Amino acid sequence: MSHRITLIPGDGIGPEVSLAARRCIDATGVKIEWEEAIAGQAALDKTGKLLPDSVLDSIRKNKIALKGPMVTPIGGGFRSVNVAIRHALDLYACVRPSKTYVGVKSNYKDIDLVMIRENSEDLYAGIEFEEGKPETKDLISQIEKYSKKKIRPDSGISIKPISKFATERIVRFAFEYALAFKRKKVTIITKANIMKFTDGLFLNTAREVAKEYEGRVAFDEALVDNMSMQLVQKPHNYDVLVTENLYGDILSDLCAGLIGGLGIAPGANIGNGIAVFEAVHGSAPKYTGMNKVNPTAMILSGVLLLKYIKEEKAALALENAVKEIISEGKFVTYDFKPSPNDPSAVGTIEMTDAIIKKIR
Ligand code: NAD
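Analysis parameters
Residues numbered from 1 in each chain as written. Predicted model: local features only at pLDDT ≥ 70, side-chain atom pairs only at ≥ 80, totals over all residues. Heavy atoms only, no water. Helix = DSSP H or I, 4+ residues; strand = E, 2+ residues; numbered from the N terminus. Buried < 20%, exposed > 50% of the residue type's maximum accessible area, 1.4 Å probe, protein only. Polar contact = N/O pair within 3.5 Å; in protein donor to acceptor, adjacent residues only side chain to side chain. Contact = heavy atoms within 4.5 Å. Pairing = 2+ DSSP bridges. Axes fitted to C-alpha atoms, helices over the stretch in contact; angles between N-to-C directions. Core = buried A, V, L, I, M, F, W, Y, C linked by side-chain atoms within 4.5 Å. Domains from an automatic or database assignment. Parallel < 35°, antiparallel > 145°, perpendicular 65-115°, else oblique. Left-handed = near helix turned anticlockwise from the far one by under 90°. Nonpolar A, V, L, I, M, F, W, Y, C, P; charged D, E, K, R; others polar. Salt bridge = Lys/Arg side-chain N within 4 Å of Asp/Glu carboxyl O.

Caption draft 1: Examining the side chain of Ser301 more closely. By the element assignment, Ser301 lies in helix H10 (residues 296-308). Given a relative accessible area of 0%, Ser301 falls into the buried group. A distance of 2.8 Å separates a polar atom in the side chain of Ser301 from the backbone oxygen of Ala297. Setting aside its immediate chain neighbours within four residues, Ser301 contacts Pro266, Gly267, Phe277, Glu278 and Ala279.

Caption draft 2: Region of the structure containing the sheet that holds strand E9 (residues 218-223). As summarised here, the arrangement of the ten strands in space is E2-E1-E3-E12-E11-E4-E5-E10-E8-E9, forming an open sheet in which the pairing is mixed. The strands lining the two open edges of the sheet, one partner per strand, are strand E2 (32-36) and E9. Averaged over all neighbouring strand pairs, the angle between strand axes comes to 25°, with direction disregarded. Here strand E4 (residues 93-99) pairs with strand E11 (residues 268-270) via three bridges, running antiparallel. Paired with Cys94 across the bridge in E11 is Asn269. On the sheet, helix H7 (residues 199-211) packs against strand E8 (185-190), E9 and strand E10 (240-243) and is oriented at approximately 165° with respect to E8.

Caption draft 3: Region of interest: the nonpolar core. One finds Leu66, Ile116, Leu318 and Ile355 to be the most contacted residues of the largest nonpolar core, which totals 88 residues. Two domains each put at least three residues into this core: domain 1 (1-93 + 261-360) and domain 2 (107-121 + 162-259). Dropping the residues within four chain positions of it, Leu66 is found in contact with Ile5, Thr6, Leu7, Ile8, Ser18, Ala21, Arg22, Ile25, Trp34, Phe277, Met298 and Leu305.

Caption draft 4: Representation of the packing of H10 against helix H11 (residues 312-328) within the structure. Two elements in contact, H10 and H11, have axes whose closest approach is 7 Å; the angle formed by their N-to-C orientations is 160°. By the angle class used here, H10 and H11 are roughly antiparallel. For the pair H10 and H11, the crossing hand works out as left-handed. When H10 is examined against H11, the residues Thr296, Ile299, Leu300, Val303, Leu306 and Lys307 are found in contact with a partner set consisting of Glu312, Ala314, Ala315, Leu318, Glu319, Val322 and Ile326. Grouping the amino acids of the contact of H10 with H11 by side-chain chemistry returns nine nonpolar, one polar and three charged.

Caption draft 5: The pattern of salt bridges, seen in detail. Under the criterion given, the structure shown has 28 salt bridges. The partner of Glu168 in a salt bridge is Arg172, and the shortest N-O contact between them spans 4.0 Å. With Glu168 and Arg172 both in helix H6 (residues 164-180) and four residues apart, the pair spans about one turn of that helix. Note that Arg207 and Glu221 form a salt bridge whose closest N and O atoms lie 2.8 Å from each other. Of this pair, Arg207 sits in helix H7 while Glu221 is found in strand E9, placing the two residues 14 residues apart along the sequence.

As structure tokens, this is what we get:
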């Protein structure tokens, strides 16, 4: 059966790494009809819109997309095109596995963590009030009236909504993920001791959901500050992590650091029957068109995509090919070499070619 998948090349290094992932996925032999859709700076230049409706229509129709990283140009009318896509399609679960591969420069061995980040709420909801605007002053006076607390008049305000609905669904997603992928434990991360009505609600709701999985998946809880230290000191004590949007964003970069950096950290944004796969990293504009950056994060996002469409054999073959190339350490980009200026580093295309040759 052929799969139809939307391909959004993205900006900066996006087109290079998404082409690498596409070539690797095609080389597994899985039949895919790619439908290219342009968003981000390239779309703005061509159509005057950062996120043309046709892009969202294409993903809604095909239900799956592979997406390169995108910049959000200042003054483009969006906080972030990436966040806008997640909100428009209600891709509420961001899944970011962090796994060490032999041969990657890292202080840690045998890391195997999965961050499940809530994608629709929190300070990322985009509800913000600019300093000095009449509505901000009005809001400040309303908040002062209800909270009996002072807010400085020259403040900007960002709102942090956390609902029972969104918490229940993300925590249930994390436990179902743990069951599906035979993981042992889910850790719920909040700052519930301080933000009682948002993080406290998240934690209480999460505890209720966790009860449904008693005896099948273990669970524990941690405060986000302590978790940051624990992940650096004892990452092997953890398995699946579930948390709110902002903490998930920060901790998943921390987890990428544990496994050798952003060049190797894949991701997926998943909703009900719809999913967009993308690397954790951004568009690294300074490397645009240089055939320099590491394609691994996008290729491993392709592995997640293949698993999602139930092409497990192809997913395994591609992941094994990536593993082999990394452990050989020969056809790898600068960031996998002992020093960034190592003359033996190869480019994005050459590393991709080497991976393709290893697919069996
Ligand atoms: P970035 O991830 O683009 O780059 C930070 C640094 O990480 C780079 O300078 C580079 O040294 C390294 N790096 C990133 N990807 C790499 C790769 N594949 N191989 C080797 N090294 C790599 O983060 P940034 O500079 O903060 O953001 C640049 C732009 O990307 C911003 O406009 C930001 O908004 C956007 N962004 C987009 C996404 C997304 O599309 N999902 C995610 C994060 C950032």
